[in-house]
Amino acid sequence: MTAFQGRTALITGSSRGIGRALALTLARGGGSVVVNYKKNAELAEQVRKEITQLGGRAVTVAADMEQPEEIERLFAVAAQEFGTLDYFVCNAAASSFKNIMDLKPHHLDRSYAMNMRSFVLGAQQAVRLMPDGGRIVALSSYGSIRAYPTYANLGAAKAAIESWVRYMAVEFAGRGINVNAVNGGIIETESSGYFYDVPGMAPLSGVLPLIPKQRMGTAQEVADVIAFLLSPAAEYVTGQTLVVDGGLSIVSPPFSRDLSGPLT
């Protein structure tokens, strides 16, 4: 694989989960990566070492995506180390999982800052480092198109991100920059564990059988789709949201498992 030879990516939240899987995928293809993390320097350093072992080049940068000045510093380091960028992947996300009536103003403010604002500010910085064109990809989730318990704060933010993707795709097309989103379903990462391990939440054992593929997705499966959007094969794809959910978002009651017998 040499699809990413000589290319540089900045991936937010790339010390673990989908971000880590993508960073290593790009490294296998010859790419270099700016590995962003918030707190866990040890995990980020492990990713940097793995990228190096795969023949790529990487630098780790601690930056809280809720803080505009830290976003600026993150991209300043990227410019200092690599000069330009080819890819910006907005992967880092956080929010509060609460019923709507329990949301406080600071919950709303932090979700806006961490998800929507960080994407827009990051995209602005990235475009300035893409004089010869590039790719921007934002991570979304199926909470942007479906409603389920305690996810309103993040789901609404993800829906807004998908809208920003469409607007950016139009505005940045003349610069040779494609902008897309990847909408993940139930993916086996620490983030999904954090959501489903909350007392009172529906157990995964009852949720997974409702998915046509009847299993969780993997971080690598999502990373592979992102890698496609970054690759030359996706040159004519922009303003789109690709769904990676094992068919979860296309089914609705009555479910196949609810049938009482063969249909005739």
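Residues numbered from 1 in each chain as written. Predicted model: local features only at pLDDT ≥ 70, side-chain atom pairs only at ≥ 80, totals over all residues. Heavy atoms only, no water.

Looking at an unreviewed UniProt entry, the protein chain carries the name SDR family oxidoreductase, with the source organism given as Micromonospora humidisoli. In its Sequence similarities (unreviewed entry) section, the UniProt entry covering the protein chain states "Belongs to the short-chain dehydrogenases/reductases (SDR) family." (UniProt positions renumbered as here; feature names shortened; annotations may be inferred.)

Visitor: Give me the overall build of the protein chain: which residues, what numbers.
Guide: Across its full length, the protein chain carries eight helices and seven strands. The C-alpha atoms of the protein chain give a radius of gyration of 19 Å, which matches the 18 Å a tight globule of 264 residues would have. The principal-axis extent of the C-alpha atoms belonging to the protein chain is close to 60 × 45 × 40 Å. The proportion of buried residues among the 264 residues of the protein chain is 49%. Partitioning the contacts of the protein chain with sequence separation of at least 6, the portion at a separation of at least 24 is 75%. Here the protein chain has roughly 13100 Å² of accessible surface; of this, 53% comes from carbon and sulfur atoms. If you average the places of the 23 positive and of the 23 negative side-chain charges in the protein chain, the two averages end up 1 Å apart. (Helix = DSSP H or I, 4+ residues; strand = E, 2+ residues; numbered from the N terminus. Rg over C-alpha atoms; globule rule 2.2 N^0.38 Å. Buried < 20%, exposed > 50% of the residue type's maximum accessible area, 1.4 Å probe, protein only. Contact = heavy atoms within 4.5 Å. Areas by Shrake-Rupley, 256 points an atom, 1.4 Å probe, with all protein chains shown as cover. Lys, Arg positive; Asp, Glu negative; His and termini not counted. Charge placed at Lys NZ, Arg CZ, Asp CG, Glu CD.)

Visitor: Can you tell me about the packing of helix H4 (residues 105-128) against helix H5 (residues 152-172), naming the residues and giving the values?
Guide: Interaxial distance between H4 and H5 falls to 10 Å at its minimum, and their mutual angle equals 20 degrees. By the criterion of interaxial angle, the relationship of H4 to H5 is roughly parallel. The crossing of H4 and H5 is right-handed. On H5, the residues touching His 107, Leu 108, Ser 111, Asn 115, Met 116, Phe 119, Val 120, Ala 123 and Val 127 of H4 are Asn 153, Leu 154, Ala 157, Lys 158, Ala 160, Ile 161, Trp 164, Val 165, Met 168 and Phe 172. Of the residues in the contact of H4 with H5, the class split is 14 nonpolar, four polar and one charged. (Axes fitted to C-alpha atoms, helices over the stretch in contact; angles between N-to-C directions. Parallel < 35°, antiparallel > 145°, perpendicular 65-115°, else oblique. Left-handed = near helix turned anticlockwise from the far one by under 90°. Nonpolar A, V, L, I, M, F, W, Y, C, P; charged D, E, K, R; others polar.)

Visitor: Explain H5 to me, using residue names and the numbers behind them.
Guide: For H5, built from 21 residues, the straight-helix expectation of 30 Å at 1.5 Å per residue is met to within 8% by its first-to-last C-alpha distance of 30 Å. Of the positions making up H5, those classed as buried are Asn 153, Leu 154, Gly 155, Ala 157, Lys 158, Ile 161, Glu 162, Val 165, Met 168, Ala 169 and Phe 172. In this fold, the buried residues of H5 make contact with H4, strand S5 (134-141), strand S6 (177-184) and strand S7 (241-244). (Expected span 1.5 Å × (residues − 1).)

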